[in-house]
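Summary of structural features
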Amino acid sequence: MTRTVFTQSMQEMQEEMLSLGSMVEKAVARSIEALRTQNVELAQQVIEYDEHINAQRWKIEENSTLLIATQAPLARDLRYIFAVMHIATELERMADYAQGIAKLTLRIVDEPLLKPLVDLPRMADIGRELLMEALDAFIEQDAERARQIARRDDEVDQLYEQVYRELLTFMISDQRTVPRATHLLWVAHNLERIADRVTNICERTVFAVLGDIEEMG
Amino acid sequence: MAQRSLRPEMRRAAKEAPVGDAIMSARDLSVHYGAFQAVRDVNLSFYENRITALIGPSGCGKSTVLRCMNRMNDLIPIARVSGEVLYHNHNIYGPNIDPVEVRRRIGMVFQKPNPFPKSIYDNVAWGAKINGYRGSMDDLVERSLTQAALWNEVKDKLKDSGLSLSGGQQQRLCIARAIAIQPDVILMDEPASALDPISTLKIEDLMQELTRNYTIVIVTHNMQQAARSSDFTAYFSVGEDRAGYLVEYGPTHEVFTNPKDPKTEDYITGRVG
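An account of the accompanying structure is given in this report.

Within the secondary structure, Asn-70 of chain B sits in the loop between α3 (62-68) and β4 (79-87). If we ignore the near neighbours within four places in the chain, the residues touching Asn-70 of chain B are Ile-92, Val-102, Arg-103, Ile-106, Gly-107, Met-108 and Leu-187 of chain B.

With that out of the way, let us pick up the nonpolar core. Counting residues in hydrophobic clusters, the biggest one holds 66 residues, and the most contacted among them are Val-24, Leu-91, Leu-120, Met-123 and Leu-191 of chain A. Looking at this core, the elements with two or more residues in it are α1 (4-36), α2 (40-71), α3 (75-108), α4 (119-140), α5 (143-151), α6 (153-173) and α7 (178-210) of chain A. The residues contacting Met-123 of chain A, other than those within four sequence positions of it, are Val-156, Leu-159, Tyr-160, Val-163, Ala-188, Leu-191 and Glu-192 of chain A. Core analysis: the next-biggest nonpolar cluster, separate from the first, contains 44 residues, Val-154, Ala-192, Val-247 and Tyr-267 of chain B among them.

On to the side chain of Gln-99 of chain A. Among the secondary structure elements, Gln-99 of chain A is positioned in helix α3. Gln-99 of chain A sits in the buried class, given a relative accessible area of 14%.

Here α3 of chain A contains 34 residues, and its C-alpha end-to-end distance of 50 Å stays within 8% of the 50 Å for a straight helix at 1.5 Å per residue. Where burial is concerned, most of α3 of chain A is hidden: 25 out of the 34 residues are buried.

What follows deals with the pattern of salt bridges. Under the criterion given, the structure shown has 28 salt bridges over all chains. Glu-16 of chain A is the salt-bridge partner of Lys-59 of chain A, the closest N and O atoms lying 3.2 Å from each other. Here the residue Lys-59 of chain A occupies a position in helix α2, and Glu-16 of chain A occupies one in helix α1, the gap between them amounting to 43 residues. With a closest N to O distance of 3.8 Å, Asp-261 of chain B and Lys-263 of chain B form a salt bridge.

Bringing the pairing of strand β7 (residues 185-189) of chain B into the picture now. Residue and element names in this part refer to chain B. Counting buried residues along β7, 5 of its 5 residues qualify, which places the element largely inside the surrounding structure. Where burial is concerned, the two faces of β7 agree: the one with Val-185, Leu-187 and Asp-189 and the one with Ile-186 and Met-188 are both buried. Relative to β7, strand β6 (residues 106-109) runs parallel, the two being bridged by 4 bridges. Bridge pairing in β7 places Met-108 opposite Leu-187. Pairing geometry for β7 and strand β8 (residues 215-219), over 5 bridges, is parallel. Bridge pairing in β8 places Val-185 opposite Thr-215.

Quite often, the size of an interface is put as the accessible area lost when its parts meet. The partner chain B presents 12 residues to the 13 residues of chain A that form the contact. For the chain A and chain B pair, buried surface summed over both sides reaches about 1,100 Å², with 47% attributable to carbon and sulfur atoms. At the surface where chain A touches chain B, the tally comes to 1 salt bridge. Put simply, Asp-77 of chain A and Arg-271 of chain B hold a salt bridge, and the shortest N to O gap is 2.5 Å. At the junction of chain A with chain B, the criterion picks out 7 residue pairs in polar contact (both at pLDDT 80 or more). Sorting the residues of the side of chain A that touches chain B by element identifies α1 and α3 of chain A as the ones contributing at least two each. The element contributing the most residues to the side of chain A that touches chain B is α3 of chain A, with 4 residues.

Turning our attention to the packing of aromatic side chains. Scanning the entire structure with this criterion turns up 5 aromatic pairs over all chains. Counting every residue linked through ring pairs, the aromatic cluster contains Tyr-47, Phe-232 and Tyr-249 of chain B. A cation sits over an aromatic face here: Arg-57 of chain A above Trp-58 of chain A, 4.2 Å from the ring centre.

The complete set of buried residues in helix α5 (residues 120-130) of chain B reads Ile-120, Asn-123, Val-124, Ala-125, Gly-127 and Ala-128 of chain B. Buried residues belonging to α5 of chain B abut α6 (137-147), α7 (151-154) and α8 (167-180) of chain B.

Cut-off values and rules
Residues numbered from 1 in each chain as written. Chains lettered and ligands numbered in written order. Predicted model: local features only at pLDDT ≥ 70, side-chain atom pairs only at ≥ 80, totals over all residues. Heavy atoms only, no water. Helix = DSSP H or I, 4+ residues; strand = E, 2+ residues; numbered from the N terminus. Contact = heavy atoms within 4.5 Å. Core = buried A, V, L, I, M, F, W, Y, C linked by side-chain atoms within 4.5 Å. Buried < 20%, exposed > 50% of the residue type's maximum accessible area, 1.4 Å probe, protein only. Expected span 1.5 Å × (residues − 1). Salt bridge = Lys/Arg side-chain N within 4 Å of Asp/Glu carboxyl O. Pairing = 2+ DSSP bridges. Buried area = accessible area lost by both parts, 1.4 Å probe. Polar contact = N/O pair within 3.5 Å; in protein donor to acceptor, adjacent residues only side chain to side chain. Phe/Tyr/Trp six-rings, centres within 6.5 Å; stacked < 30°, edge-to-face > 60°. Lys NZ or Arg CZ within 6 Å of the ring centre and 35° of its normal.

Next up, the structure:
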């Protein structure tokens, strides 16, 4: 087999991407946990952790650029490297949403939650599950599985609709709840966007495998 | 550098123009050297004012195919060509075809620059002279050297020997010599492999410029060169019987980003051997 060094570098880049994926998954889990338990310290940790996620993303981008510059990858290799670069960007944005949730938590921590959170943690759980599965499909270079994962974005969208209606009901019935409900709506929006970014990762997987651009959103 | 900055516009114009008719086509082209079959059943078309790159590993027959395009293989006694090579719908291997006339219309530039041991002026004028060119020879020399992007560098020393030029300049002189006899196809057999990177880029820019008036077919071992400079790419491989054959042919941007055949994929991503 030729190109041993190149293949090894690609392998390393893939591992860096998976490591970024776990960092992001952890950030999402912690952000929603901080909100659910009104934990200021945990929310602070999520906000500070974002720096490490950004650094990891730049590391992947730098390595990808270096591979393109020095190894002149073509065809499947080229698509793969570009896909990794884009996925790293998606992951970093997902972490920004998690950081956003942590910041919202700090803003509403002084008041009791409107209600025990059920649907928001579910949205976060599904988002995290889809994220790990999407990364797995990318590693396996399985386009069909990527398509199936992207379809599950609907589950998160439905929960978002549900949360939206519920919070609206709170606001209509008692306008003193408006500030708190609005903040929770922003949280829901962030979670919905996280799942959308998973769909983008699935699109990149199909592109890397087949060379086709398929809109899945 | 100015030349290089012109390139994106030129490329865009080329891409926007619809692909015209095939100016040359190989039909079931096979080549034997004695008992050995070097090329098997190649079917391939070259389009007007486009650059087609022939790529593939050593021994895949790409240079042999190139040499068939202007009957250069006639000069190898044991070479036997079967099938057809159509040029403007005429088989150049047909009866009553003069190979010298074929080579006038379908010029060739070789791997190693090979100027005649004559002056720069005579290198360009010589072919036209023996072809009975009647116009102003000075104009033809200037025009050909300008088209070959060499005029500004040599206009004050046209009487100097062609061999006094640098390798890259010599190769552009050979291109000027090829276009002075006004062919419409130029075959290039690894025209830049003996040159340094800057001279290589100059030749590639020049190829883009030349597509305004000529159709170019280039054999290259340099995949990046094929990717950078050609509109179409043909990938050749070697069969188990050691005969070269065409694996895949298509627009360069497709062959290099999403080839259809796994053999092409393996070759251009370097997963061979």
